[in-house]
Amino acid sequence: MKHMVKLSNGACVPALGQGTWYLGDAVATYDREVEALRAGIEAGMTLLDTAENYGDGRSERLVGEAIRPYDRSSLFLVSKVMPSNAYGTRLMQSLDRSLSHLGTDYLDLYLYHWRGERPLAEMVTAMEEARAAGKIRAWGVSNLDTADMEELWAVDGGRNCAVNQVLYHMGSRGIDYSLLPWMREHHVALMAYCPLAQVGRLGCDLLGSGVLAEIAAKYGATPVQIALAWAIRDGNTIAIPRTGRKEHAVSNAGADAFDLTAEDCAAIDGAFPPPTHKEPLHIE
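What counts as what
- All residue numbers refer to positions counted from 1 along the written sequence of the respective chain.
- With the structure being a predicted model, the display of local features is reserved for residues of pLDDT at least 70 and the display and counting of side-chain atom pairs for 80 or more, all residues being used for whole-chain, interface and lining totals.
- As a rule here, side-chain values cover all heavy atoms of the structure and leave hydrogens and water aside.
- Stacked, edge-to-face and tilted labels apply to pairs of Phe, Tyr and Trp rings (six-membered ring for Trp) whose centres lie within 6.5 Å, assigned for plane angles under 30 degrees, over 60, and everything in between, in that order.
- By the criteria applied, helices consist of DSSP H or I runs no shorter than four residues and strands consist of E runs no shorter than two, each listed in order from the N terminus.
- Exposure classes here rest on a 1.4 Å probe applied to the protein chains alone. A residue is buried below 20% of its type maximum, exposed above 50%, and partly exposed in between.
- Note on geometry: a ring has a charge over it if NZ (lysine) or CZ (arginine) is within 6 Å of the ring centre and within 35 degrees of the ring normal.
- Using only the protein atoms, space was sampled on a 1 Å grid; points where a 1.4 Å probe fits but cannot get out form cavities, open sets with protein on both sides within 12 Å along at least five of seven lines form pockets, and lining residues are those with an atom within 4 Å of a point.
- Grid points are joined across faces, edges and corners, and a volume is the space filled by probe spheres set on the points.
- Lys, Arg, Asp and Glu make up the charged group, whereas Ala, Val, Leu, Ile, Met, Phe, Trp, Tyr, Cys and Pro make up the nonpolar group; the residues left over, Gly among them, are polar.
- In this scheme, a helix's expected span is set at 1.5 Å multiplied by one less than its residue total.
- The arc under discussion is defined with respect to the helix axis, by the directions toward the C-beta atoms.
- The contact definition used throughout considers only heavy atoms, calling two residues in contact when any of these lie within 4.5 Å.

The protein is annotated in an unreviewed UniProt entry as Aldo/keto reductase family oxidoreductase of Centipeda periodontii DSM 2778.

Student: Looking at this structure, how should I read the packing of aromatic side chains?
Tutor: Any two aromatic rings considered together are summarised by their centre-to-centre distance and by the angle between their planes. All chains considered together, the criterion is met by six aromatic pairs. Pairing Trp21 with Tyr54 gives two aromatic rings, centres 6.4 Å apart and planes at 20°, and the pair type is stacked. Residue Trp21 is located in the loop between strand S2 (12-14) and helix H1 (30-42), and its partner Tyr54 is located in the loop between strand S3 (47-49) and helix H2 (58-66); the two are separated by 33 residues in the primary sequence. Since its relative accessible area comes to 23%, Trp21 is described here as partly exposed. Of the aromatic side chains, those joined through ring pairs into one cluster are Trp21, Tyr22, Tyr54 and Tyr193. Over the face of the ring belonging to Tyr87 we find Arg118, whose NZ or CZ atom lies 3.7 Å from the ring centre. One cation-aromatic arrangement involves Arg137 over Tyr106; the distance from NZ or CZ to the ring centre is 4.0 Å.

Student: Would you mind going over the layout of surface pockets with me for this structure?
Tutor: Any empty space left between atoms is shown by rolling a water-sized probe over those atoms. Reported here for the largest pocket is a volume of approximately 240 Å³. As for the largest pocket, its lining consists of 13 residues, and the residues nearest its centre are Trp21, His113, Asn143, Tyr193 and Ile283. Across the lining of the largest pocket, the residue classes break down as five nonpolar, five polar and three charged.

Student: Sorry if this is basic, but what is going on with helix H3 (residues 88-102) here?
Tutor: In this model, H3 (15 residues) spans 22 Å end to end at C-alpha, consistent with the 21 Å of a helix rising 1.5 Å per residue. Residues of H3 that are buried include every one of Leu91, Ser94, Leu95, Ser98, Leu99, His101 and Leu102, and no others. Projection of H3 onto a plane perpendicular to its axis shows the buried side chains occupying an angular sector of 160°, all on one side. Exposed positions of H3 whose direction lies more than 90 degrees from the buried face are Thr89 and Ser100. In this fold, the buried residues of H3 make contact with H2, strand S4 (76-81), strand S5 (109-112) and helix H4 (120-132). At the exit of H3 stands Gly103, carrying a positive phi of roughly 70°.

What follows is the structure, encoded as structure tokens:
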């Protein structure tokens, strides 16, 4: 892929990866989903994101099956630990379980899934221990807002956070006001989940937008590809669209071919305005 993102630990990853939220849950679609993930890998989306609580490990097992034919070093595997497990020996136990599901002995990136009640310092200590043990190459967070990130930055070792994964798409761009500028200033990459507004309370008809249709027609692209090209436009964002269909995975990867102009982005801003004030962090 031509669009790559460099993380603070030096790793370079494709700006388009694959999400797996809600994948792996149904026997009837399992083989089709494995095929979709493999098609995405073949098309260059070698970053795969999952979590211990996606289907109680079923998503991780699906990813483990999908990656079996590939050289592990060619992949970038991401999983997440729940806050209730993100401290002390519990984190290592969760990590070992995730590694077993995935059929690998290390993660490229391990994320703290959402803000829990325990001190962030406990999570950082456990993440650093896992990194020192060679079981993870880097760690990050998910669903943390600006105040949370500032608190994390004040913790010893907290500045080793490489990524913050949050919901981000044209119809949900509250992070543009303060969180994303903070992350850019502090060299924390954004991983955008649900970049096509597929699921959750904040789902919206992005793909029915006339502006997206016009821009897509100009480039010979699809509205999906333009939405993904918009999501990764700043060079510091990794978008992880989720699909269980091979043809959609290949199409998603095709978004890598397009670079939107300032005029394109201004037209999108007109249809999906950036925030003018601080908004609560959208989760779903």
